[in-house]
Amino acid sequence: PVSFGSLVNWLLEQSEHLTSLDVSNNDFEEEGLIKIGEGLAKNNSLISINLSCISIGIKGARAIVSMLEQNKSLTSLNLEKNEISDEGFKLIVDGSTENNYLTSFQLQLNSIKCNEEVDIDNMLKHNKCLVLLDLNRDPIGEGEKKN
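Bear in mind the structure is a predicted one, so any value in this text is a computation, not a measurement. Residue positions are given per chain, counting from 1 as you read along its sequence in written order. Where totals are concerned, whole chains, interfaces and linings use all residues; where local detail is concerned, this predicted model gives features only for residues with pLDDT of at least 70, and gives and counts side-chain atom pairs only at 80 or more. To get the side-chain values, all heavy atoms of the structure are used, and hydrogens and water are removed first.

What's the story with the overall build of the protein chain in this structure? I'm lost.
By definition, any uninterrupted DSSP run of H or I lasting at least four residues is a helix, any uninterrupted run of E lasting at least two residues is a strand, and each is numbered from the N terminus. Across its full length, the protein chain holds five helices and five strands. Put simply, the protein chain runs from its N terminus to its C terminus through helices and strands in the order α-β-α-β-α-β-α-β-α-β. The buried label goes to any residue with under 20% of its type's maximum accessible area, the exposed label to any with over 50%, and the partly exposed label to all in between, with areas taken from a 1.4 Å probe on protein chains only. Across the 147 residues that make up the protein chain, the buried fraction comes to 46%. Whether two residues are in contact is decided by their heavy atoms: any pair within 4.5 Å suffices. Here the contacts in the protein chain between residues at least 6 apart in sequence split such that 86% fall between residues at least 24 apart. In these tables, accessible area is a Shrake-Rupley quantity obtained with a 1.4 Å probe, and a residue counts as shielded only by the protein chains included in the view. With an accessible surface of roughly 7,900 Å², the protein chain has 47% of that area assigned to carbon and sulfur atoms.

And the structure:
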């Protein structure tokens, strides 16, 4: 049987006209998200993807970083309500410095505490197109400091 992630990967690799994709609220394995990331890296038509509520793990965060480094058409990325770990958040923010195309980046409701050094300022300096960065209800800096 073909996994949903593999199906979305195939769709992204084959479609020349698809501009928006919503795969939110699906139960992906991390490998499925990696497949989607591979498809997004090769896709040149998609401008908006909703990946909210799919429980992104650390492998998924790495797949998103890889996609952000390669994809030149995506302008809107929704990662709302994904229980992104602090480590995953740091990876995504650091990886986002390579992307100069995103205008809307939604990371709200991920319970990100991230007390380690996260260079959001560096991401904003590199991405001159970003007009929306949503971190609503992410208690950044409110957790226990790690020594």
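So that's the structure; there's more coming.
Even after reading the chapter, I still don't get helix α4 (residues 86-95), so can you show me in this structure?
Think of an α-helix as turning once every 3.6 residues; residues three or four places apart then point the same way. Every buried residue of α4 is accounted for by Gly88, Phe89, Ile92, Val93 and Gly95. Along the axis of α4, the buried positions cluster into a sector of 165 degrees, meaning they face one direction only. On the buried face of α4, the contacting elements are α3 (58-70), β4 (104-106) and α5 (120-126). Of all possible arcs, the one meant is that of the directions from the helix axis to the C-beta atoms.

Looking at this structure, how should I read the nonpolar core?
Nonpolar side chains in soluble globular proteins tend to be buried together. Counting 33 residues, the largest nonpolar core has Ile49, Ile64, Leu77, Leu79 and Phe105 as its most contacted members. If you list the elements that add at least two residues to this core, you get α1 (4-14), α2 (30-42), α3, α4 and α5. Here this core takes five residues from α3, the largest share from any one element. Buried Ala, Val, Leu, Ile, Met, Phe, Trp, Tyr and Cys residues form a nonpolar core when they are joined through side-chain atoms within 4.5 Å.

So what exactly am I meant to see when it comes to the packing of α1 against α2 here?
Packed helices, taken two at a time, are described by their axes: the angle between them and the distance between them. Where α1 meets α2, the closest approach of the two axes is 8 Å, and the angle between their N-to-C directions is 0 degrees. What the angle tells us is that α1 and α2 run roughly parallel. In this structure, α1 contributes Gly5, Ser6, Val8, Asn9, Leu12 and Glu13 to the contact, and α2 contributes Gly32, Lys35, Ile36, Glu38, Gly39, Leu40 and Lys42. Residue composition of the contact of α1 with α2, by class: four nonpolar, five polar and four charged. Axis angles are defined between N-to-C directions and span 0 to 180 degrees, where every axis is a line fitted to C-alpha atoms and, for a helix, only to the segment in contact. Note that the term roughly parallel is reserved for angles under 35 degrees, roughly antiparallel for angles over 145, roughly perpendicular for angles of 65 to 115, and oblique for everything else. Here the nonpolar group is Ala, Val, Leu, Ile, Met, Phe, Trp, Tyr, Cys and Pro; Asp, Glu, Lys and Arg are the charged ones; every other residue, Gly included, is treated as polar.

Whenever I open this one, the side chain of Asn110 confuses me. Can you help?
Position of Asn110 relative to the elements: it lies in the loop between β4 and α5. By relative accessible area, Asn110 is classed as buried at 2%. Side-chain polar atoms of Asn110 contact the backbone nitrogen of Ile84, separated by 3.4 Å. Not counting the four nearest positions on each side in its chain, Asn110 is found in contact with Leu79, Glu80, Lys81, Asn82, Glu83, Ile84 and Asp138. Pairs of N or O atoms within 3.5 Å make up the polar contacts considered here, provided that, within protein, one atom can donate a hydrogen while the other can accept it, and that residues adjacent in sequence are counted only when both atoms are side-chain atoms.

How should unusual backbone geometry be read in this particular structure?
Note: most peptide bonds trans; most residues except glycine with negative phi. In this structure, Ser55 takes a positive phi of about 55 degrees despite not being glycine. Within the chain, Lys81 stands out as a residue other than glycine whose phi angle is a positive 50 degrees.

Even after reading the chapter, I still don't get the side chain of Asn127, so can you show me in this structure?
Its location among the elements puts Asn127 in the loop between α5 and β5 (132-134). Here the side chain of Asn127 touches Leu130 through a polar contact of 3.1 Å, landing on its backbone nitrogen. When neighbours within four sequence positions are excluded, Asn127 is seen to be in contact with Asn99, Asn100, Tyr101 and Leu102.

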